[in-house]
Amino acid sequence: MWGCLVALVGLFFLVRWYRERQVVSQLQDKYVFITGCDSGFGNLLARQLDMRGLRVLAACLTEKGAKQLRRQTSDRAETVILDVTQTESITAAAQWVKECVEDRGLWGLVNNAGILGYLVSNQWLTKQDFVDVLNVNLLGMIEVTLSLLPLVRKARGRVVNISSVMGRVAMFGGGYSISKYGLEAFSDSLRRELLPFDVKVAMIEPGFFQTNLVDKERLACSIEEAWDHASPEVKELYGLEFLEVYQKLPEEFKPPVRQDLSLVTDCMEHALTARHPRTRYSPGWDAKFFYLPLSYMPTCLVDAMVSWLGPKPAKAL
Ligand SMILES: NC(=O)c1ccc[n+]([C@@H]2O[C@H](COP(=O)([O-])OP(=O)(O)OC[C@H]3O[C@@H](n4cnc5c(N)ncnc54)[C@H](OP(=O)(O)O)[C@@H]3O)[C@@H](O)[C@H]2O)c1
């Protein structure tokens, strides 16, 4: 009985491993458009795919980022300036992509650009703080996708959306988790909708990785900024001790081992180049062994754990 079960599980992993090793053909003719290539995962992915021989169309937020990336890549890789919050910028970039790919279509669209916003209690924030994050991580991503989808459909290509473990478990307030939950919902509906067109949609749900997004100093500054603009009533409710615990979080909130960014970009590359990509990838040990299991646990247990681990407001009941 147990032997049979072990053999079945072994067979499942063997078949999966074999299927996932198969690579699509003619990679050197395939165009991939990536947003947010100034730094972090987007930057590394652009360089990695360029080395692999794909035709990289890298969108950077700044001219400085684009210039730096052009120096680090081959002549085949091209860059464009794109702010995903600006419709005119998206329209111009989509037109540029159309001219680059001509009648081949766009094989891959990687929605990577993102910001963290304020990772603090919701009650410290204003509506605008949420809007700022949603504009980049969710609405910008949707507008870029809708603008480029006709080209992706033409190539029967791939859409790869960069979500987060925070799109599975909302541990903090602020717009970040909301934007990633939204991204997950959009990706799920898009995947189902695009099945008849032979376009595959994958989501990458990384754990915690050291990039500009989670830079310790930036995080500490953003916590102070949010506290500064919280109302006096809210400040009294939470108290300075709460703020101090929050300020220490960027230092303490890190995985036991420093994780290599290529764990994430390898998943992105697989989603773009494998004949049978996965629907979801969970790069990082914290994602696999903490956040992912947590997301399947009963809500009451997660609530108890988060409130037990987190700081307590001064005026809590
Ligand atoms: N690092 C992590 O632990 C982690 C975990 C899970 C998911 N993620 C996700 O991974 C993605 C990449 O983040 P990262 O960690 O690589 O951080 P990152 O280095 O800060 O990369 C984010 C990129 O997006 C760009 N960007 C910001 N606002 C933009 C806008 N309005 N339009 C276009 N581009 C914009 C940034 O440009 P500038 O550099 O010029 O600001 C940067 O190049 C994000 O979607 C993030 O949510 C990260």
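Read on for a plain summary of the structure. (Residues numbered from 1 in each chain as written. Predicted model: local features only at pLDDT ≥ 70, side-chain atom pairs only at ≥ 80, totals over all residues. Heavy atoms only, no water.)

## A few points about the site of the ligand
At step 1: Close contacts around the ligand come from 27 residues, with Ser39, Asn112, Tyr176, Phe209 and Thr211 the closest.
At step 2: Within the side chain of Tyr176, a nitrogen or oxygen atom sits 2.5 Å from an oxygen atom of the ligand.
At step 3: Burial of the ligand by the protein amounts to 92% of the accessible area it has alone, namely 890 Å².
At step 4: Elements supplying a minimum of two residues to the shell around the ligand: α2 (40-52) and α6 (175-194). (Near = heavy atom within 4 Å. Polar contact = N/O pair within 3.5 Å; in protein donor to acceptor, adjacent residues only side chain to side chain. Areas by Shrake-Rupley, 256 points an atom, 1.4 Å probe, with all protein chains shown as cover. Helix = DSSP H or I, 4+ residues; strand = E, 2+ residues; numbered from the N terminus.)

## Side note on a nonpolar patch on the surface
At step 1: Taken together, Met1, Trp2, Leu5, Val9, Phe12 and Phe13 make up a surface patch of nonpolar side chains, about 740 Å² in accessible area.
At step 2: Tracing the backbone through its elements, the reader meets Phe13 in helix α1 (residues 2-21).
At step 3: A relative accessible area of 44% means that Phe13 is categorised as partly exposed. (Patch = residues over 30% accessible without salt bridge, like charges linked within 9 Å, V, L, I, M, F, W, Y side chains within 5 Å. Salt bridge = Lys/Arg side-chain N within 4 Å of Asp/Glu carboxyl O. Buried < 20%, exposed > 50% of the residue type's maximum accessible area, 1.4 Å probe, protein only.)

## Let's talk about the pattern of salt bridges
Close approach of charged atoms allows side chains with opposite charge to pair.
At step 1: Going through the model one piece at a time under the given rule, you end up with 11 salt bridges.
At step 2: Arg104 is paired through a salt bridge with Glu102; the nearest N and O atoms lie 3.4 Å apart.
At step 3: Accessibility expressed as a relative area gives 52% for Glu102, which makes it exposed.
At step 4: Where Arg280 meets Glu184, a salt bridge forms, and the shortest distance between an N and an O atom there is 3.0 Å. Of this pair, Arg280 sits in strand β7 (residues 280-281) while Glu184 sits in helix α6; the two residues are 96 residues apart in sequence, bridging distant segments of the chain.

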